[in-house]
Amino acid sequence: MTAEPTRILDVATGYMASKQLFNATRIGLFRAIADGAHTPAEVAAATGRSERQVRILLDGCAASGLLGRRDGRYELTDDAAEYLTGGENDLGAFLNFLELGSFEAFGHYRHTVDADEGGTLDFDEAGWAMFMAGVMQYNGLHARAFGEAFDASGKRSILDFGGFTAGWSIELLKRNPEARARFVYPAESSEMLTAAVAEAGLADRVTVEAGDTVTAVPGGEHDLVLAVHVIHRFTDAENRQILQHLRQSASDGATLAVFDFFLDSLPQQRALDARHAAEYFNFDGTEVWPEETVRSWLADAGWAFERYVDVPGSPRVLVATAV
(Lines give C-alpha, C1' and ligand atoms only; values in the text may rest on other atoms or scores of the structure.)
Protein backbone atom coordinates (compact mmCIF):
# COMPACT_ATOMS: atom_id res chain seq x y z
CA MET A 1 0.00 0.00 0.00
CA THR A 2 1.41 3.38 -1.04
CA ALA A 3 1.77 5.93 1.73
CA GLU A 4 -0.13 9.20 1.39
CA PRO A 5 -0.65 12.24 3.64
CA THR A 6 -4.47 12.18 3.74
CA ARG A 7 -4.85 10.70 7.22
CA ILE A 8 -2.25 13.06 8.65
CA LEU A 9 -3.96 16.09 7.14
CA ASP A 10 -7.38 14.91 8.33
CA VAL A 11 -6.06 14.78 11.89
CA ALA A 12 -4.05 17.98 11.63
CA THR A 13 -7.00 20.02 10.33
CA GLY A 14 -9.56 18.44 12.64
CA TYR A 15 -9.75 21.61 14.73
CA MET A 16 -11.07 23.46 11.68
CA ALA A 17 -13.99 21.04 11.38
CA SER A 18 -14.60 21.39 15.13
CA LYS A 19 -14.78 25.16 14.90
CA GLN A 20 -17.21 24.95 12.00
CA LEU A 21 -19.43 22.56 13.96
CA PHE A 22 -19.31 24.75 17.08
CA ASN A 23 -20.29 27.87 15.18
CA ALA A 24 -22.91 26.23 12.99
CA THR A 25 -24.55 25.01 16.19
CA ARG A 26 -24.16 28.39 17.91
CA ILE A 27 -25.95 30.34 15.16
CA GLY A 28 -28.77 27.80 14.83
CA LEU A 29 -27.81 26.52 11.39
CA PHE A 30 -29.03 22.98 12.00
CA ARG A 31 -32.33 24.12 13.45
CA ALA A 32 -32.82 26.38 10.44
CA ILE A 33 -33.00 23.38 8.10
CA ALA A 34 -34.72 20.95 10.46
CA ASP A 35 -37.89 21.08 8.37
CA GLY A 36 -36.22 20.14 5.07
CA ALA A 37 -33.67 21.15 2.45
CA HIS A 38 -32.74 24.83 2.18
CA THR A 39 -30.44 27.05 0.11
CA PRO A 40 -27.59 29.07 1.65
CA ALA A 41 -29.62 32.24 1.11
CA GLU A 42 -32.54 30.81 3.06
CA VAL A 43 -30.29 29.65 5.90
CA ALA A 44 -28.54 33.02 5.97
CA ALA A 45 -31.89 34.77 6.32
CA ALA A 46 -32.99 32.41 9.08
CA THR A 47 -29.77 32.77 11.09
CA GLY A 48 -29.09 36.45 10.47
CA ARG A 49 -25.57 35.82 9.15
CA SER A 50 -23.97 36.60 5.81
CA GLU A 51 -24.63 34.19 2.96
CA ARG A 52 -20.89 33.87 2.38
CA GLN A 53 -20.19 32.64 5.93
CA VAL A 54 -23.27 30.43 5.97
CA ARG A 55 -22.24 28.79 2.69
CA ILE A 56 -18.81 28.01 4.14
CA LEU A 57 -20.38 26.50 7.25
CA LEU A 58 -22.87 24.48 5.22
CA ASP A 59 -20.17 23.06 2.98
CA GLY A 60 -17.91 22.34 5.95
CA CYS A 61 -20.66 20.45 7.74
CA ALA A 62 -21.52 18.60 4.54
CA ALA A 63 -17.86 17.58 4.19
CA SER A 64 -17.97 16.26 7.76
CA GLY A 65 -21.03 14.13 7.00
CA LEU A 66 -23.46 16.18 9.08
CA LEU A 67 -25.42 17.52 6.10
CA GLY A 68 -26.47 16.20 2.73
CA ARG A 69 -26.14 18.45 -0.34
CA ARG A 70 -28.06 18.18 -3.57
CA ASP A 71 -28.71 20.77 -6.29
CA GLY A 72 -27.49 23.62 -4.11
CA ARG A 73 -29.75 22.73 -1.19
CA TYR A 74 -28.71 21.30 2.18
CA GLU A 75 -30.51 18.93 4.53
CA LEU A 76 -29.77 17.20 7.81
CA THR A 77 -28.33 13.74 8.13
CA ASP A 78 -29.93 11.49 10.74
CA ASP A 79 -27.15 12.20 13.26
CA ALA A 80 -27.51 15.96 12.96
CA ALA A 81 -31.30 15.75 13.19
CA GLU A 82 -31.10 13.71 16.40
CA TYR A 83 -28.34 15.57 18.24
CA LEU A 84 -28.19 19.15 16.91
CA THR A 85 -31.75 20.45 16.64
CA GLY A 86 -32.86 20.92 20.23
CA GLY A 87 -34.46 17.58 21.11
CA GLU A 88 -33.90 15.43 24.19
CA ASN A 89 -30.49 14.33 22.92
CA ASP A 90 -29.33 17.78 21.81
CA LEU A 91 -25.60 18.43 22.31
CA GLY A 92 -25.56 22.20 21.89
CA ALA A 93 -24.55 23.08 25.47
CA PHE A 94 -21.81 20.45 25.46
CA LEU A 95 -20.42 21.73 22.16
CA ASN A 96 -20.43 25.24 23.64
CA PHE A 97 -18.33 23.95 26.55
CA LEU A 98 -15.95 22.16 24.18
CA GLU A 99 -15.32 25.41 22.30
CA LEU A 100 -15.20 27.92 25.16
CA GLY A 101 -13.76 25.63 27.84
CA SER A 102 -11.86 22.64 26.49
CA PHE A 103 -10.68 24.09 23.17
CA GLU A 104 -9.40 27.25 24.82
CA ALA A 105 -7.59 25.19 27.46
CA PHE A 106 -5.71 23.31 24.74
CA GLY A 107 -3.85 26.57 24.14
CA HIS A 108 -1.45 25.47 26.89
CA TYR A 109 -1.16 21.86 25.76
CA ARG A 110 2.48 22.33 24.74
CA HIS A 111 3.28 23.12 28.36
CA THR A 112 1.26 20.11 29.54
CA VAL A 113 3.24 17.78 27.28
CA ASP A 114 6.64 19.29 28.09
CA ALA A 115 6.19 19.75 31.85
CA ASP A 116 3.77 16.85 32.59
CA GLU A 117 1.67 19.29 34.60
CA GLY A 118 -2.10 19.00 34.60
CA GLY A 119 -4.38 21.99 34.28
CA THR A 120 -6.66 23.43 36.92
CA LEU A 121 -10.28 24.53 36.72
CA ASP A 122 -10.43 28.31 37.01
CA PHE A 123 -13.77 29.78 35.95
CA ASP A 124 -15.74 32.85 36.86
CA GLU A 125 -19.45 32.49 37.60
CA ALA A 126 -20.41 32.55 33.92
CA GLY A 127 -17.67 30.03 33.12
CA TRP A 128 -18.90 27.60 35.76
CA ALA A 129 -22.44 27.91 34.39
CA MET A 130 -21.14 27.12 30.90
CA PHE A 131 -19.11 24.18 32.22
CA MET A 132 -21.97 22.67 34.24
CA ALA A 133 -24.54 23.12 31.45
CA GLY A 134 -22.30 21.33 28.97
CA VAL A 135 -21.11 18.51 31.23
CA MET A 136 -24.56 17.78 32.61
CA GLN A 137 -26.05 17.70 29.11
CA TYR A 138 -23.39 15.22 27.98
CA ASN A 139 -23.89 13.15 31.13
CA GLY A 140 -27.62 12.98 30.45
CA LEU A 141 -26.90 11.60 26.99
CA HIS A 142 -24.46 9.08 28.51
CA ALA A 143 -26.98 7.91 31.08
CA ARG A 144 -29.72 7.28 28.53
CA ALA A 145 -27.32 5.42 26.22
CA PHE A 146 -25.97 3.42 29.17
CA GLY A 147 -29.48 2.32 30.11
CA GLU A 148 -30.00 1.01 26.59
CA ALA A 149 -26.59 -0.68 26.24
CA PHE A 150 -26.10 -2.23 29.68
CA ASP A 151 -28.32 -5.17 30.61
CA ALA A 152 -29.11 -5.10 34.33
CA SER A 153 -32.02 -7.52 34.18
CA GLY A 154 -32.21 -9.75 37.25
CA LYS A 155 -30.34 -7.30 39.46
CA ARG A 156 -32.19 -6.26 42.59
CA SER A 157 -29.77 -4.25 44.73
CA ILE A 158 -27.79 -1.46 43.07
CA LEU A 159 -25.00 0.42 44.85
CA ASP A 160 -24.26 3.66 42.95
CA PHE A 161 -21.02 4.98 44.40
CA GLY A 162 -19.15 8.25 44.16
CA GLY A 163 -20.24 9.44 40.73
CA PHE A 164 -21.68 12.75 39.53
CA THR A 165 -25.41 12.31 38.92
CA ALA A 166 -28.28 9.92 39.50
CA GLY A 167 -29.00 9.39 35.81
CA TRP A 168 -27.36 6.00 35.33
CA SER A 169 -29.21 4.30 38.17
CA ILE A 170 -32.44 6.06 37.24
CA GLU A 171 -32.23 4.58 33.75
CA LEU A 172 -31.64 1.09 35.17
CA LEU A 173 -34.47 1.42 37.69
CA LYS A 174 -36.89 2.44 34.93
CA ARG A 175 -36.02 -0.72 33.02
CA ASN A 176 -35.94 -3.04 36.06
CA PRO A 177 -39.02 -2.42 38.24
CA GLU A 178 -37.95 -4.93 40.90
CA ALA A 179 -34.60 -3.25 41.54
CA ARG A 180 -33.74 -0.78 44.29
CA ALA A 181 -30.77 1.60 44.41
CA ARG A 182 -28.59 2.98 47.15
CA PHE A 183 -26.56 6.12 46.44
CA VAL A 184 -23.42 6.74 48.49
CA TYR A 185 -22.04 10.08 47.34
CA PRO A 186 -20.24 13.07 48.90
CA ALA A 187 -22.58 15.04 51.14
CA GLU A 188 -22.69 18.06 48.81
CA SER A 189 -24.40 15.91 46.17
CA SER A 190 -27.32 14.83 48.36
CA GLU A 191 -29.73 17.63 47.46
CA MET A 192 -29.14 17.23 43.72
CA LEU A 193 -29.53 13.44 43.87
CA THR A 194 -32.68 13.56 45.97
CA ALA A 195 -34.29 16.06 43.59
CA ALA A 196 -33.42 13.99 40.50
CA VAL A 197 -34.78 10.80 42.05
CA ALA A 198 -38.00 12.53 43.11
CA GLU A 199 -38.46 14.04 39.64
CA ALA A 200 -38.11 10.55 38.14
CA GLY A 201 -40.81 9.25 40.51
CA LEU A 202 -38.44 6.75 42.12
CA ALA A 203 -38.08 8.08 45.67
CA ASP A 204 -39.67 4.95 47.14
CA ARG A 205 -36.97 2.74 45.57
CA VAL A 206 -33.86 4.81 46.37
CA THR A 207 -31.88 5.74 49.45
CA VAL A 208 -29.28 8.53 49.45
CA GLU A 209 -26.38 8.45 51.92
CA ALA A 210 -23.35 10.68 52.43
CA GLY A 211 -19.90 9.14 52.19
CA ASP A 212 -16.41 10.20 51.14
CA THR A 213 -15.56 8.43 47.91
CA VAL A 214 -12.08 7.34 48.98
CA THR A 215 -12.69 6.35 52.59
CA ALA A 216 -16.33 5.21 52.79
CA VAL A 217 -17.02 1.47 53.09
CA PRO A 218 -20.71 1.22 52.12
CA GLY A 219 -21.14 -2.40 53.19
CA GLY A 220 -24.06 -4.58 52.18
CA GLU A 221 -24.61 -7.45 49.75
CA HIS A 222 -25.31 -5.57 46.53
CA ASP A 223 -25.56 -7.55 43.29
CA LEU A 224 -24.74 -4.58 41.02
CA VAL A 225 -22.19 -1.87 41.83
CA LEU A 226 -21.81 1.27 39.69
CA ALA A 227 -18.68 3.44 39.66
CA VAL A 228 -19.59 6.18 37.17
CA HIS A 229 -16.94 8.77 36.28
CA VAL A 230 -15.02 7.84 39.41
CA ILE A 231 -11.62 6.36 38.64
CA HIS A 232 -10.26 9.18 36.45
CA ARG A 233 -10.61 11.55 39.41
CA PHE A 234 -8.38 9.62 41.82
CA THR A 235 -4.82 8.36 42.21
CA ASP A 236 -3.57 4.81 41.83
CA ALA A 237 -3.59 4.22 45.59
CA GLU A 238 -7.01 5.82 46.03
CA ASN A 239 -8.57 3.75 43.26
CA ARG A 240 -7.18 0.56 44.75
CA GLN A 241 -8.81 1.46 48.05
CA ILE A 242 -12.13 2.42 46.41
CA LEU A 243 -12.38 -0.88 44.52
CA GLN A 244 -11.53 -2.86 47.66
CA HIS A 245 -14.29 -1.07 49.55
CA LEU A 246 -16.74 -1.77 46.76
CA ARG A 247 -15.84 -5.47 46.78
CA GLN A 248 -16.55 -5.54 50.51
CA SER A 249 -20.01 -4.17 49.71
CA ALA A 250 -20.90 -6.72 47.02
CA SER A 251 -22.21 -10.26 47.15
CA ASP A 252 -20.19 -13.08 45.56
CA GLY A 253 -20.88 -13.11 41.84
CA ALA A 254 -22.05 -9.48 41.86
CA THR A 255 -21.42 -7.29 38.83
CA LEU A 256 -19.25 -4.17 38.87
CA ALA A 257 -19.82 -1.60 36.11
CA VAL A 258 -17.06 1.00 35.82
CA PHE A 259 -18.15 3.75 33.42
CA ASP A 260 -15.17 5.78 32.24
CA PHE A 261 -12.60 6.26 29.50
CA PHE A 262 -9.69 3.80 29.24
CA LEU A 263 -6.39 3.57 27.40
CA ASP A 264 -6.99 0.04 26.17
CA SER A 265 -4.69 -2.74 24.97
CA LEU A 266 -6.51 -3.49 21.72
CA PRO A 267 -4.70 -3.36 18.35
CA GLN A 268 -6.62 -0.15 17.51
CA GLN A 269 -7.04 2.25 20.43
CA ARG A 270 -10.56 3.67 20.72
CA ALA A 271 -10.14 7.26 19.55
CA LEU A 272 -12.59 8.95 21.94
CA ASP A 273 -10.78 7.57 24.99
CA ALA A 274 -7.33 8.58 23.77
CA ARG A 275 -8.48 12.13 23.01
CA HIS A 276 -10.10 12.46 26.42
CA ALA A 277 -6.89 11.24 28.04
CA ALA A 278 -5.26 14.41 26.70
CA GLU A 279 -8.29 16.59 27.39
CA TYR A 280 -8.83 15.48 30.99
CA PHE A 281 -5.22 15.91 32.10
CA ASN A 282 -4.73 19.14 30.21
CA PHE A 283 -8.01 20.58 31.48
CA ASP A 284 -8.02 19.69 35.18
CA GLY A 285 -5.22 17.20 35.87
CA THR A 286 -7.43 14.10 36.04
CA GLU A 287 -6.26 10.88 34.42
CA VAL A 288 -7.59 8.35 31.93
CA TRP A 289 -5.96 5.16 33.16
CA PRO A 290 -4.40 2.35 31.09
CA GLU A 291 -6.48 -0.80 30.99
CA GLU A 292 -3.68 -2.92 32.45
CA THR A 293 -3.50 -0.64 35.49
CA VAL A 294 -7.25 -0.85 36.05
CA ARG A 295 -7.16 -4.63 35.69
CA SER A 296 -4.46 -4.85 38.36
CA TRP A 297 -6.65 -2.84 40.76
CA LEU A 298 -9.59 -5.11 40.03
CA ALA A 299 -7.64 -8.33 40.54
CA ASP A 300 -6.10 -7.15 43.81
CA ALA A 301 -9.54 -6.10 45.10
CA GLY A 302 -11.29 -9.38 44.24
CA TRP A 303 -12.91 -8.46 40.92
CA ALA A 304 -12.44 -10.47 37.71
CA PHE A 305 -12.50 -8.46 34.48
CA GLU A 306 -15.10 -9.74 32.00
CA ARG A 307 -15.65 -7.39 29.08
CA TYR A 308 -16.33 -3.90 27.81
CA VAL A 309 -19.77 -2.66 26.81
CA ASP A 310 -19.56 0.02 24.14
CA VAL A 311 -21.80 3.06 24.51
CA PRO A 312 -21.94 5.17 21.31
CA GLY A 313 -20.31 8.58 21.66
CA SER A 314 -19.60 7.95 25.34
CA PRO A 315 -17.14 6.34 27.73
CA ARG A 316 -17.31 2.56 27.89
CA VAL A 317 -18.55 0.25 30.61
CA LEU A 318 -15.87 -2.02 32.02
CA VAL A 319 -17.66 -5.04 33.49
CA ALA A 320 -16.18 -7.20 36.23
CA THR A 321 -17.46 -9.94 38.55
CA ALA A 322 -16.95 -10.31 42.30
CA VAL A 323 -14.90 -13.47 42.99
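Residues numbered from 1 in each chain as written. Predicted model: local features only at pLDDT ≥ 70, side-chain atom pairs only at ≥ 80, totals over all residues. Heavy atoms only, no water.

### Some details on the layout of surface pockets
And then number 1: Volume-wise, the largest pocket comes out at about 1,700 Å³.
And then number 2: Of all the secondary-structure elements, those providing two or more residues to the lining of the largest pocket are helix 1 (6–12), helix 2 (14–26), helix 5 (51–63), helix 6 (78–83), helix 7 (92–105), helix 9 (125–149) and helix 13 (271–284).
And then number 3: If one sorts the elements of the lining of the largest pocket by residue count, helix 2 sits on top with seven residues.
And then number 4: Of the residues belonging to the lining of the largest pocket, the class tally is 24 nonpolar, eight polar and four charged.
And then number 5: Looking at the lining of the second largest pocket, the elements that each hand over two or more residues are helix 7, helix 9 and helix 13.
And then number 6: Looking at which element gives the most residues to the lining of the second largest pocket, the answer is helix 9, with seven residues.
And then number 7: For the lining of the second largest pocket, the residue count by class is 15 nonpolar, nine polar and four charged. (1 Å grid on protein atoms, 1.4 Å probe; cavity = no way out; pocket = protein on both sides within 12 Å on 5 of 7 lines; lining within 4 Å. Points joined across faces, edges and corners; volume = space filled by probe spheres on them. Helix = DSSP H or I, 4+ residues; strand = E, 2+ residues; numbered from the N terminus. Nonpolar A, V, L, I, M, F, W, Y, C, P; charged D, E, K, R; others polar.)

### Some remarks on the sheet that holds strand 5 (residues 206–210)
And then number 1: The sheet built from seven strands is open, its strands ordered 5-4-3-6-7-9-8 with mixed pairing. In this open sheet, the two strands that pair with only one neighbour each are strand 5 and strand 8 (303–309). Shown here is a sheet whose adjacent strand axes are inclined to one another by a mean of 20 degrees, direction ignored.
And then number 2: Where strand 7 (residues 250–260) and strand 9 (residues 316–322) come together, six bridges link them in antiparallel fashion. Bridge pairing links alanine 257 to valine 319 in strand 9.
And then number 3: Against the sheet, helix 10 (residues 167–175) makes contact with strand 3 (157–161), strand 4 (180–185), strand 5, strand 6 (222–228) and strand 7, and its axis sits at roughly 145 degrees relative to strand 6, the strand it touches most. (Pairing = 2+ DSSP bridges. Axes fitted to C-alpha atoms, helices over the stretch in contact; angles between N-to-C directions. Contact = heavy atoms within 4.5 Å.)

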